[in-house]
Structure formats: structure tokens, C-alpha cells
Amino acid sequence: MTSCTKTCQRWIILAIGLILFTGCAVGPDFKEPVVATPESYRTQVMPSDAVTDLKWWALFDDPLLYDLVTIALENNRDLKIAVSRIEQARATVGFTRADQYPRLDGDAGARVGNVNGGSRSPDTQSTVYLSAPLNWEIDFWGKFKRATEAARADLMASEYGLKAVQLALISDVVTTYYQLLDFHRRLAISESTLASRIKSLTIIQQRFDKGIISELDVNQAQIQKEIAAGAIPLFQRSIAKTENGLAVLLGRLPETVRIKKNLGGTAPPDIPVGLPSDILVRRPDILQASYLLKAQTERIGVAEALRFPAISLTGTLGVASTDLGAITTEGGVWSIGGRLLGPIVDFGKNKQRVVVEEQKTQQALYQYENTVLIAFREVDDALVEIATYRNELAAVDRQQKAAKNANGLSKERYDKGVSSYLEVLDTERTLFSAELQQSDLQQQYRNAYVNLYKALGGGWVNKEERNEQTDPERPMNVTTQLAPKASNVIE
């Protein structure tokens, strides 16, 4: 056996020994943070059965709304940015993981001249070489392993970030849609009120012309007519601006939305809110914060590893010759070696790097805890809104019916000369105000359900997707069709 072969074997055995010994990884391992959760929500207006996975926006039973949500999920630019961030994070995992393995390069060159060692040589010399240098930093302290785990955690965080953007987008579309329906209804109320007051003004003007009533009644009727007329451009402006906002959510230029449904009817059916602890595994923002905390915890290990020496193996295998014709037969060359490089005096730089990463991890933990607190607040706020808006809307419905009846009675009394026109004015103002308030409350009542669905984290994942989360590097289907192909709902 040649000396070259024996030397290569010894280096190979050494490399295998180092690989087997690189099981240690300095730094803390990630542990799931423990947070306190209430046994039940403070406001309990929904059943507390296990929450189900569903497309909650479909519960509103509105095909136009369903199409709008589908268009937004396909075209929204914020969603596309979130998808791009996932691909960036996935590439970062591969980029970081590559540091764990040897690097093999190619090197070739040729030289001719009469310079040797910085002095002139009497002979002209030529050299030709072709080699494959290899460099491998052994991950003895787990630096690259920790960095790869941090990149994987960042990838998972970016995927849950996409889910959070999807959930917020759907909620924004539904909320904006119901606000648009509200403005359309209030515009219709204003137009109907204006038509009624124009008719009343015409009658009053005729009575004034005949000397039956005073000019004061005419002026008061004119005032009420202009109040209704002034409300029309207000709601026209609100409709246009709301449509513009909805167009941005849909990823389109400002266009008119063809409304096909009035704001009214019954609210969507109640859904089970589940146990408070379910929030921790359903809310994508909480899961995103958890993975960001994991990524930051792994970076402490990277910083710890930088305090210890780096161990590298280097090698070269190739050919070199002064004669190009003999390079393949007489020009074999090789080398193998090792290197240890570590800090001796750095004035505490590496130690402070660890402290920096530890404080960042503490901040990430506080961020996670704060995200959990905000989640519980949002759920309870939404439950309170549903309960109180329901009662308030019932009261306003009764008020509107009474105001409508009172307005009819006051007109009869005025026509018979029993009361003054002031009584008619008062009932008209009350009716107009009650109808506008009724529309606004119906919109807020429905959007309270939207806020609850969003707060519960529902509708963003199905059971199959949840099972797939165990593989952070799987290709993610970010263009899953959530509805049939949308029809043309804007013009």
C-alpha cells in the first residue's frame, strides 16, 4: 500500500470521527411557551362546542360576497407579497443548510514566464494546472445546524403569516362589503325621504298659496326637504370611496360594484366558539409568533458557537505539469489538511453577541405573550358586540316602527287641523334618524360576526392542511381555490 493511500485513509478516518462527534449543539433548545388561558370567555353568547373548520363567509348566504372573497384571494397584492416571502424563506433554508456540507470548487490556470520567486530566471518556464479544491468546516458546535433550524422556523412563520394575511383580507372584504350595502341602503332611505318631503312641500305650498297656512310652515317644509337632499351626496361620496377601497382589496382599479342584495334579513347562524385554549392552535398570528420565537431561540446557539474554535478540513486533488502534453500522465497532485481557528482576545465581542440574541429572544417571547392577550381580547370584544348590537338593533327596530306609525298619525292630525306642522316635522326627523340608525346597526351587527370569525381564527385552514404542517419544507399550495370561479361582479 502506497504512502499516499495510507495518508488519505488516516484523514478519512479523522473526518468520519469528527462527523460522528458533531452531535453536540451549544445553546438552548426551544420549548413551547406556557401561557395562562381562561376556562371560558367572559361573554358567552355562542355555544362552546369544538369549533369547526369552515369557509365562514359562506354562512352569509350571498353569492356576490362569495365571489368578491374569491377574487381578492386570487388578486390581492398583499397576499402575493406574503406568498413571495414564503418562497424567499424556503430559499433561505436551502441557502443556510448548504453550509453544513463540504464545498467543492474547480480551479484551473496556466502560466509562462522567466520570473521565479521574485527574481529573473535564465530559462522560460511554463505551468499548467487543473484542480478541485475542497473546503469543509465541521459543524462541531452546531452553528450551522442551529442556523438551519432558525431558517426552517422562519419559513413556518412566513407560512402562518400568509394565513394571517388571508384571514385579515377575507375579513376586510366582508366588512367593506357590508359597509357598502349600508351606504346604499342609507342612500335609498335619503332618496325616498326626499321624494316624500318634496311631495309634502308641494301640498304645503298649495295651501299657503290659498292662504290656509302661514309661510312658516312652508319654510319648515323646505328645511326638511334640503336636509334629505343634503344627505344624498354624502352617501354617494361614501359609496364611491368604499368601492375604491374594495377595489384595492380585490387587486383591481377603482370600479363600480353591482350590488344585488339589500342590507337586511337575518344574521348568519351562530358558530361554536370552542374552548379558549383552542385559540393557541387556531390563530395564525399566534402560531406565527411562536415560530418567530423558535427561530430567535436557535440564533442564541449560533452566537454561542461563534465563541468556540472553527474546525475545517481542506483538500485538493488535481493535475499540474510544465508540459501540457504530459499533464494527464505525469501531473497528478493532491493535498489534505486541517485548520482550527478561534477567538483568543476579542474584548467580549462574542459574549455580548450572545447577550444580544438572548434579549431578542426575550422580546420575541413578550411579543408572543402580547399576541395571545390581544387574541383573547378580540374574541371577547366580538362576543360583547354581538350580544349588545343584537339588543340595540331590536330596540331600534321597535323605534323605527313606532316612528313610522307616529309620522302617519301626525300627518292625519295636521290635515284635520288638530295639530301644528311642528308635530309633523318632529315625527319626520325621528323617522329619518331611526331608519338611518337601523341601517348602520344592521351593518355593525353583521360585522360583529365577521370580527368574531376573524378573532377565532376560523376558516383559514382545513384538517388536511393542519396535518401537513409537520413538514416545514413541503411545497405549499397557496392558490387553493376557496370558491368556484368568480363571476364578473364589478363593472
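K.L.:
How should the overall build of the protein chain be read in this particular structure?
P.N.:
Along the backbone of the protein chain there are 11 helices and 5 strands. Taken over 491 residues, the protein chain has a buried fraction of 42%. Across the protein chain, contacts joining residues at least 24 apart in sequence account for 85% of those joining residues at least 6 apart.

K.L.:
What am I meant to see in the packing of aromatic side chains here?
P.N.:
Centre-to-centre distance and the angle between the planes together describe a pair of aromatic rings. If you walk through the whole model with that rule in mind, you get 7 aromatic pairs. For the pair Tyr 177 and Tyr 178, a centre-to-centre distance of 5.5 Å together with 70 degrees between the ring planes defines the contact as edge-to-face. This pair shows no difference in class: Tyr 177 is buried, exactly as Tyr 178 is. Taken together, the ring pairs connect Phe 140, Trp 141 and Phe 308 into an aromatic cluster.

K.L.:
Would you explain the nonpolar core in this entry?
P.N.:
Membership of the largest hydrophobic core comes to 69 residues, with the highest contact counts inside it found for Trp 56, Phe 60 and Val 174. The set of elements that each furnish at least two residues to this core consists of helix H2 (63–75), helix H3 (77–97), helix H4 (143–209), helix H5 (215–249), helix H6 (279–282), helix H7 (284–305), helix H9 (349–415) and helix H10 (421–456). Ranked by size, the runner-up nonpolar core spans 9 residues in total, among them Ile 213, Tyr 421, Val 424 and Leu 425.

K.L.:
What is the right way to read the pattern of salt bridges from this model?
P.N.:
Note on pairing: side chains with opposite charge can pair once their charged atoms come close. Evaluated as defined, the whole model comprises 20 salt bridges. A salt bridge links Glu 298 to Arg 146, with the nearest nitrogen and oxygen atoms 3.0 Å apart. Of this pair, Glu 298 sits in helix H7 while Arg 146 sits in helix H4; the two residues are 152 residues apart in sequence, bridging distant segments of the chain. Across the pair Arg 186 and Asp 440 runs a salt bridge, and its minimum N-O distance is 3.7 Å. Here Arg 186, found in helix H4, pairs with Asp 440, found in helix H10; they are 254 residues apart in sequence, far enough to count as distant.

K.L.:
Teacher, can you tell me more about the environment of Leu 422 here?
P.N.:
Of note, Leu 422 is situated in helix H10. Along the chain, Leu 422 and Gln 220 lie 202 residues apart, while their C-alpha atoms are 8.3 Å from each other.

K.L.:
Whenever I open this one, the environment of Glu 39 confuses me. Can you help?
P.N.:
Structurally, the position occupied by Glu 39 is in the loop between helix H1 (3–20) and H2. With 236 residues separating them in the primary sequence, Glu 39 and Leu 275 have C-alpha atoms 7.3 Å apart.

K.L.:
Would you mind showing me how to read the confidence of the model for the protein chain here?
P.N.:
Caution applies to low-pLDDT parts of the model: their predicted coordinates are not meant to be read in detail. Residue-level pLDDT values for the protein chain average 82, and 80% of them are 70 or greater. When pLDDT is averaged over each helix and strand of the protein chain, the minimum, 51, is found for helix H11 (residues 463–468) and the maximum, 94, for H7. Across residues 48–52, where pLDDT falls below 50, the model places 13 contacts with residues more than four positions away in sequence or in other chains.

K.L.:
Is there a simple way to explain a nonpolar patch on the surface in this structure?
P.N.:
Taken together, the side chains of Leu 317, Trp 334 and Ile 336 define a hydrophobic patch exposed on the protein surface, amounting to about 300 Å² of accessible area. Within the element layout of this structure, Trp 334 appears in strand S5 (residues 332–341). A residue is classified by how much of its surface remains accessible, and Trp 334, at 38% relative accessible area, is partly exposed.

K.L.:
Honestly, H9 in this entry has me stumped. Any pointers?
P.N.:
The end-to-end C-alpha distance of H9 is 92 Å, a good match for the 99 Å that 67 residues give at a rise of 1.5 Å each. In the segment just after H9, Gly 417 is the residue with positive phi, at about 75 degrees.

K.L.:
I keep staring at the side chain of Lys 143 and nothing clicks. Help me out?
P.N.:
With respect to the helices and strands, Lys 143 occurs in helix H4. For Lys 143, a relative accessible area of 18% puts it in the buried group. Residue contacts for Lys 143: discarding those within four places in its chain leaves Glu 137, Val 302, Ala 305 and Leu 306.

K.L.:
Looking at this model, I keep getting lost on unusual backbone geometry. Mind explaining?
P.N.:
Across the chain, the bulk of peptide bonds are trans and the bulk of non-glycine residues have phi less than zero. Backbone geometry places Phe 347, a non-glycine residue, at a positive phi of 55 degrees. Following the sequence through the fold, Phe 347 ends up in the loop between S5 and H9.

K.L.:
Where do I start with the packing of H4 against H7 in this structure?
P.N.:
With their axes 8 Å apart at the nearest point, H4 and H7 run at an angle of 165 degrees to one another. Considering the angle they form, H4 stands roughly antiparallel to H7. Handedness of the crossing formed by H4 with H7: left-handed. Broken down by class, the residue content of the contact of H4 with H7 amounts to 15 nonpolar, 3 polar and 9 charged.

K.L.:
Even after reading the chapter, I still don't get the packing of H5 against H10, so can you show me in this structure?
P.N.:
Axes are the key here: two packed helices are described by the angle between their axes and the distance separating the axes. Orientation of H5 relative to H10, taken along the N-to-C sense of each, is 10 degrees, at an axis distance of 10 Å. Comparing the axis directions of H5 and H10 gives the class roughly parallel. Residues Asp 217, Gln 220, Ala 221, Gln 224, Ile 227, Ala 231 and Phe 235 of H5 form the contact with H10, whose participating residues are Tyr 421, Leu 422, Leu 425, Glu 428, Arg 429, Phe 432 and Leu 436. Here the contact of H5 with H10 is composed, by residue class, of 9 nonpolar, 2 polar and 3 charged.

K.L.:
How should I be thinking about the side chain of Thr 242 in this particular structure?
P.N.:
Locating Thr 242 in the fold gives a position in helix H5. One polar contact links the side chain of Thr 242 to the main-chain carbonyl oxygen of Ser 238, over a distance of 2.7 Å. In this view, Thr 242 contacts Thr 176, Gln 179, Leu 180 and Phe 183; residues no more than four positions away in its chain are not counted.

What counts, and where the lines are drawn
- Residues numbered from 1 in each chain as written.
- Predicted model: local features only at pLDDT ≥ 70, side-chain atom pairs only at ≥ 80, totals over all residues.
- Heavy atoms only, no water.
- Helix = DSSP H or I, 4+ residues; strand = E, 2+ residues; numbered from the N terminus.
- Buried < 20%, exposed > 50% of the residue type's maximum accessible area, 1.4 Å probe, protein only.
- Contact = heavy atoms within 4.5 Å.
- Phe/Tyr/Trp six-rings, centres within 6.5 Å; stacked < 30°, edge-to-face > 60°.
- Core = buried A, V, L, I, M, F, W, Y, C linked by side-chain atoms within 4.5 Å.
- Salt bridge = Lys/Arg side-chain N within 4 Å of Asp/Glu carboxyl O.
- pLDDT = per-residue confidence, 0-100.
- Patch = residues over 30% accessible without salt bridge, like charges linked within 9 Å, V, L, I, M, F, W, Y side chains within 5 Å.
- Areas by Shrake-Rupley, 256 points an atom, 1.4 Å probe, with all protein chains shown as cover.
- Expected span 1.5 Å × (residues − 1).
- Axes fitted to C-alpha atoms, helices over the stretch in contact; angles between N-to-C directions.
- Parallel < 35°, antiparallel > 145°, perpendicular 65-115°, else oblique.
- Left-handed = near helix turned anticlockwise from the far one by under 90°.
- Nonpolar A, V, L, I, M, F, W, Y, C, P; charged D, E, K, R; others polar.
- Polar contact = N/O pair within 3.5 Å; in protein donor to acceptor, adjacent residues only side chain to side chain.

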